[in-house]
Amino acid sequence: MGKVMVIDLAACNGCYNCQISCKDEHVGNDWSPIAKPQPDTGQFWAKLNGMVRGSVPKVKMTYQLGLCQQCGEAPCMEACSSHAIYRREDGTVIIDPDKCRGNKMCITACPYEGSIYFNDSLNIAQKCTFCSHLTDKGWTDTRCGDSCPTGGIVFGEEEDLKDLLAKAEPLRPDLKTKPRVFYLNLPKKFIAGAVFDQAADECTEGVAVTATNVETGEKAKAVTDSYGDFWLNNLKDGQYTLLLEKKGYMAQKLGPVDVTEKDINVGDINLWKA
């Protein structure tokens, strides 16, 4: 079955231990034939990317760990003219540092931007190896997984993690590369806003807000809190109409609101009493 990794974005607190421990393991260390030393700067085989979503004051911060996805259908392998890239029995994809001729075709072919780096001094491509030099010695975890204080990076045998995998998803399912890295709680789009009663000069609590997907008819619902705020989370890309309702107030319709490209803050909405 092979090795897999499951990364839970909801568990990540942005401590960067994963990124730092990867550098600690590979910078200045030659783990041939698995990997040559990683340069001091410019390469992050495990890179924590911080994403600011929405707009002030409706903002969310999400951290997402990026690394080689260890694809079962790896475009980099097909692109490598020197046949330097191979797949181990455990499913891990390795760039043989002794066979790599530095043509950079693997970097161009990889659809996961920033997963493969080029080492100018050694004239070779490099990337995450799932710490194969350690697992070959009996380690049951990668350095990034071992260093995660919240347990947000889980590494192991596919069979042992099948229950967790059932709830996870690949980063880009549309690519059909059969990755061996999976994610929990990948960010979905949101629509946020605030409701107030201008005449009373106060926030309006308890307003039912319903978002309806224009194309599919799917609905998402939220209720404003004591500050009048609402968050409609985990929305699929597309256009939505909004309906705001509360007893004693006139219903209000908004939209369509498009969340295809980004999360949306619709701002402050005034409700009028009936």
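Residues numbered from 1 in each chain as written. Predicted model: local features only at pLDDT ≥ 70, side-chain atom pairs only at ≥ 80, totals over all residues. Heavy atoms only, no water.

### Considering the overall build of the protein
Test applied: Strands are runs of DSSP state E lasting at least two residues, helices are runs of H or I lasting at least four, and both sets are numbered from the N terminus onward. Only C-alpha atoms enter the radius of gyration, while the globule expectation follows 2.2 Å times N to the 0.38, with N the number of residues. The classification of residues rests on relative accessible area computed with a 1.4 Å probe and restricted to protein chains. Under 20% of the type maximum is buried, over 50% is exposed, and intermediate values are partly exposed. Only heavy atoms matter for contacts: two residues are in contact if any of them lie within 4.5 Å across the pair. Computed by Shrake-Rupley with a 1.4 Å probe, the accessible areas treat only the displayed protein chains as cover when residues are assessed. Here the positive residues are Lys and Arg and the negative ones are Asp and Glu; neither His nor the chain ends is included. Where a charge lies is defined by one atom per residue type: Lys uses NZ, Arg uses CZ, Asp uses CG and Glu uses CD.
Summing up its helical and strand segments, the protein has six helices and 17 strands in all. Relative to a compact globule of 274 residues, whose C-alpha radius of gyration would be 19 Å, the protein shows 23 Å and is clearly more extended. The C-alpha extent of the protein, read off along each of the three principal axes, is 75 × 35 × 35 Å. For the protein, with 274 residues in total, the buried portion stands at 45%. Within the protein, counting contacts between residues at least 6 apart in sequence, those at least 24 apart form 60% of the total. Carbon and sulfur atoms form 50% of the exposed surface of the protein, whose accessible area is close to 14200 Å². Across the protein, 31 positive and 37 negative side-chain charges occur, with their mean positions spaced 2 Å apart.

### With respect to the nonpolar core
Definition in use: For the purposes of this section, nonpolar cores are sets of buried Ala, Val, Leu, Ile, Met, Phe, Trp, Tyr and Cys residues that join through side-chain atoms within 4.5 Å.
Met 5, Ile 7, Leu 65, Leu 67, Ile 153, Val 181 and Tyr 183 are the most contacted members of the largest nonpolar core, which totals 24 residues. Put simply, the parts of the chain that give this core at least two residues each are strand E1 (3-8), helix H1 (17-26), strand E2 (46-55), strand E3 (58-67), strand E8 (153-157) and strand E9 (181-184). With sequence-adjacent residues up to four places away left out, Met 5 is seen in contact with Leu 67, Phe 130, Thr 142, Cys 144, Ile 153, Val 154, Phe 155, Arg 180, Val 181 and Phe 182. Ranked by size, the runner-up nonpolar core spans 19 residues in total, among them Val 207, Phe 230, Leu 235 and Tyr 240.

### Some words on the sheet that holds E9
Which entries qualify depends on this criterion: At least two bridges found by DSSP between two strands is the condition for calling them paired. For every element, the axis is a line fit to its C-alpha atoms; helices are fit only across the contacting stretch, and the angle between N-to-C directions ranges from 0 to 180 degrees.
In spatial order, the strands read E8-E1-E9; together these three strands make up an open sheet with mixed pairing. Where the open sheet ends on each side, the last strands, each with one partner, are E8 and E9. Averaged over all pairs of adjacent strands, the angle between their axes in this sheet comes to 20°, without regard to strand direction. In this sheet, E9 lies alongside E1 in parallel orientation, the contact comprising four bridges. If you follow Asp 8 over to E9, its bridge partner there is Leu 184.

### Here's the deal with the packing of aromatic side chains
Each aromatic ring pair is specified by the distance between its two centres and by the angle formed by the two planes. This is how the line gets drawn: Pairing of aromatic side chains requires ring centres within 6.5 Å, counting the rings of Phe and Tyr and the six-membered ring of Trp. Pairs whose planes differ by under 30 degrees are stacked, by over 60 edge-to-face, and all others tilted. For a ring to carry a charge above it, either NZ of a lysine or CZ of an arginine must fall within 6 Å of the ring centroid while also lying within 35 degrees of the normal to the ring plane.
With the rule as written, the count across this model stands at three aromatic pairs. Centroid distance Tyr 16 to Tyr 63: 6.2 Å. Interplanar angle 85°. Geometry classified as edge-to-face. Residue Tyr 16 is found in the loop between E1 and H1, and its partner Tyr 63 is found in strand E3; the two are separated by 47 residues along the sequence. Positioned over the ring face of Phe 44 is Lys 23, at 5.0 Å from the centre of the ring. The ring of Phe 190 is capped by Lys 60, whose NZ or CZ atom sits 5.4 Å from the centre of that ring.

### Observations concerning the sheet that holds strand E13 (residues 219-223)
A sheet is described by the order of its strands in space; here four strands give the open sequence E13-E12-E15-E16, paired in antiparallel fashion. Among the strands making up the open sheet, the edge pair consists of E13 and strand E16 (252-258). Within the sheet, the average angular offset between the axes of one strand and its neighbour, ignoring direction, is 20°. With five bridges connecting them, strand E15 (residues 239-245) and E16 associate as antiparallel partners. Pairing of Leu 243 across the sheet is with Lys 253, part of E16.

### Structural notes on unusual backbone geometry
Residue Pro 33 is bonded to the preceding Ser 32 through a cis peptide linkage, with omega at 5°. Mapped onto the elements, Pro 33 comes out in the loop between H1 and E2. With an omega of 5°, the peptide bond between Val 56 and Pro 57 qualifies as cis. Within the fold, Pro 57 resides in the loop between E2 and E3. Positive phi values are uncommon outside glycine, yet Phe 130 reaches one of about 55°.

What is shown is where atoms sit, not what they do.
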